Amino acid sequence: MLHDRRNEKHDAKMPIYGSYAEDSAIVKTSLRRSPIDAQIAYRLISDELMDEGNARQNFATFCQTYMEPEAVQLMSETLEKNAIDKSEYPQTAKLENYCVNVLADLWSVQKDDDFIGTSTVGSSEACMLAGMAMKFRWRTMAKENGLDINAQKPNLIISSGFQVCWEKFGVYWDVDLIEVPVDSKHMSINTDILMDYVNEYTIGIVGILGITYTGKFDDIEKINHLVDDYNKKSKWHELVIHVDGASGAMFTPFVNPELPWDFRLKHVVSINTSGHKYGLVYPGIGWVLWKDKKYLPEELVFDVSYLGGHMPTMAINFSRSASQVIAQYYNFLRLGFDGYRGIHERTKKVALFLSKALEETGLFEIYNDGANLPIVCYTLKADTDKEWTLYDLTDRLQMKGWQVPTYPLPKDMEDVLIQRYVCRADLGFNVAEEFVADLNEAVEELDKARILAPKAETTDGKKETRGFTH
Ligand SMILES: *Cc1c(COP(=O)(O)O)cnc(C)c1O
């Protein structure tokens with residue numbers, strides 16, 4: 001439909017909601033013929049996004065939902081910088097390197113370690129890179145030692161509470177993901193049976209510092225002991241550990257620095273984290289570091305020209321905005337160690353406060369009270385004799401704008417439904433108190449309600465569950 005030019009003129013003075021363009025259809029399948037006014041376009045799109053829910057009331061996401069105005073300003077002023085163009089934006093490249101240095105220090109890199117690292121889009125890209133490094137290194141070792149590398153697929157060992165990026169890694173790079181099942185005694189990797197899964201085709205073990213489902217930590221120190229014993233006895237096969245610290249690696253160094261999970265442990269050779277989780281940056285930033293260059297096979301490193309010289313890069317992606325890297329650097333500069341610690345300690349207190357409030361209802365069994373990561377995770381006690389389920393509670397809380405996910409635990413515990421709150425920096429005590437009031441009210445309402453339960457089976461015969469991938 002072509003525009004009537006008289007109407008366009010008319011639009012210039014007309015308030016947005018009286019304008020011609022405002023009531024025309026938004027673009028859904030093909031471009032409209034003529035442009036519309038920028039303000040109207042802005043309004044149309046922001047209205048379209050209006051019912052999406054308030055990110056700050058979203059208890060499901062680990063991703064940062066608040067940054068200071070100065071950080072936002074810096075980000076919006078640097079959106080056009082391309083993080084991969086190291087020669088065009090050498091100062092930005094420097095800031096990225098400073099961030100890598102800071103992380104190496106936070107993760108206790110040792111004096112003689114020749115570490116290397118990079119920013120990524122998030123932990124997923126970081127995990128792909130770390131996984132590939134393990135695979136390439138294993139393959140070279142295996143070939144040199146006469147193993148028939150085609151006899152069996154290489155494998156990677158991880159707890160069944162892994163985040164979906166590891167499943168992708170297995171599929172994309174043709175590696176068998178071997179899952180150590182979780183059970184109610186071990187809500188993290190079961191180190192009693194872990195080594196039973198290892199064979200000569202194992203490229204490495206992933207320890208998770210902050211299992212996405214529950215917030216629990218794998219016992220990385222114990223894994224390191226087991227790997228040490230194995231490597232001492234092994235002829236050529238040197239097992240390595242990668243730590244998926246998407247959430248924990250930017251939290252634990254500030255709140256629980258004595259816990260050894262990082263490069264202090266001999267066999268931990270690489271670590272990833274999401275800058276957009278407890279690194280406190282808006283989504284689009286992750287990091288991966290190798291303790292020493294020898295753990296990152298050369299084939300994975302590409303040279304880009306940089307100020308007339310060369311600079312190594314490892315990335316799956318090419319172009320992306322540098323503003324997230326700059327925002328990470330902003331947080332490091334602005335907050336310092338004590339700033340991060342102060343924020344994280346308070347977030348943890350809020351998590352403990354919420355789990356106490358849950359406990360006081362007498363209805364819930366707490367799986368994680370927020371003591372290691374500020375993640376509260378619980379189930380409805382079996383003997384509560386309630387007609388309603390956690391899904392109903394989710395729905396009820398949604399009425400007040402809270403997004404609280406309910407989902408089944410991973411394989412072997414999938415009959416247990418849990419609910420999880422990811423507490424973040426911008427969840428203050430006042431808001432948390434409001435939430436508790438709404439929670440108690442929701443429970444009261446549900447107790448009084450007559451619940452129409454969904455059919456036990458869907459039409460295709462599957463048991464009804466609702467899922468969650470992060
Ligand atoms: C969130 C998460 C990931 C994926 O991180 P992104 O930064 O979202 O790509 C991987 N592993 C764990 C343990 C996570 O919690």
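The shown structure was predicted, so the numbers you read here are calculated from the model rather than taken from an experiment.

Participant: I keep staring at the UniProt feature "modified residue: N6-(pyridoxal phosphate)lysine" (unreviewed entry) in the chain and nothing clicks. Help me out?
Facilitator: When the UniProt feature table is mapped to this numbering, "modified residue: N6-(pyridoxal phosphate)lysine" (unreviewed entry) covers Lys277. Topologically, lysine 277 is positioned in the loop between β6 (268-274) and β7 (286-290).

Participant: How do you make sense of the packing of aromatic side chains when you look at a structure like this?
Facilitator: Each aromatic ring pair is specified by the distance between its two centres and by the angle formed by the two planes. Overall, the coordinates contain 19 aromatic pairs when judged by the stated rule. Considering the side-chain rings of phenylalanine 353 and phenylalanine 429, the 5.6 Å spacing of their centres and the 70° angle between planes classify their relative orientation as edge-to-face. Pair noted here: phenylalanine 353 is in helix α9 (residues 323-360) and phenylalanine 429 is in helix α11 (residues 429-448), with a separation of 76 residues, a long-range link. With a centroid separation of 5.1 Å and an interplanar angle of 85°, the aromatic rings of tyrosine 421 and phenylalanine 435 are classed as edge-to-face. A residue pair is termed long-range when its members are at least 10 positions apart, and tyrosine 421 in strand β13 (residues 417-422) and phenylalanine 435 in helix α11 qualify at 14 residues. Residue tyrosine 421 is classed as buried on the basis of its relative accessible area, which comes to 0%.

Participant: Looking at this model, I keep getting lost on the sheet that holds β7. Mind explaining?
Facilitator: The strands making up a sheet are joined through hydrogen bonds of the backbone, oriented either antiparallel or parallel. With respect to topology, seven strands assemble into an open sheet ordered β1-β7-β6-β5-β4-β2-β3, the strand pairing being mixed. In this open sheet, the two strands that pair with only one neighbour each are β1 (116-120) and β3 (176-180). Across this sheet, the average inter-strand angle for adjacent strands is 20°, counted without regard to direction. Sheet analysis places strand β2 (residues 155-159) next to β3, joined by five bridges and oriented parallel.

Participant: Help me understand the domain arrangement of the chain, please; the structure alone is not making it clear to me.
Facilitator: It is common to give the size of an interface as the accessible area that goes away when the parts come together. By domain assignment, the chain separates into domain 1 (16-52), domain 2 (73-331) and domain 3 (342-448). For domain 2 and domain 3, the distance between their C-alpha centroids amounts to 31 Å. Every contact between the two is made by 23 residues of domain 2 and, on the other side, 23 residues of domain 3. Each partner contributes to the roughly 1,900 Å² buried at the junction of domain 2 and domain 3, and carbon and sulfur atoms together form 69% of this total. When residues of domain 2 are sorted by the area they lose upon contact with domain 3, Tyr213, Phe251 and Tyr278 head the list and together hold 32% of the total. Our enumeration of links across domain 2 and domain 3 arrives at zero salt bridges. At the surface where domain 2 touches domain 3, the tally comes to seven residue pairs in polar contact (both at pLDDT 80 or more).

Rules behind the numbers
Residues numbered from 1 in each chain as written. Predicted model: local features only at pLDDT ≥ 70, side-chain atom pairs only at ≥ 80, totals over all residues. Heavy atoms only, no water. UniProt positions renumbered as here; feature names shortened; annotations may be inferred. Helix = DSSP H or I, 4+ residues; strand = E, 2+ residues; numbered from the N terminus. Phe/Tyr/Trp six-rings, centres within 6.5 Å; stacked < 30°, edge-to-face > 60°. Buried < 20%, exposed > 50% of the residue type's maximum accessible area, 1.4 Å probe, protein only. Pairing = 2+ DSSP bridges. Axes fitted to C-alpha atoms, helices over the stretch in contact; angles between N-to-C directions. Domains from an automatic or database assignment. Contact = heavy atoms within 4.5 Å. Buried area = accessible area lost by both parts, 1.4 Å probe. Salt bridge = Lys/Arg side-chain N within 4 Å of Asp/Glu carboxyl O. Polar contact = N/O pair within 3.5 Å; in protein donor to acceptor, adjacent residues only side chain to side chain.

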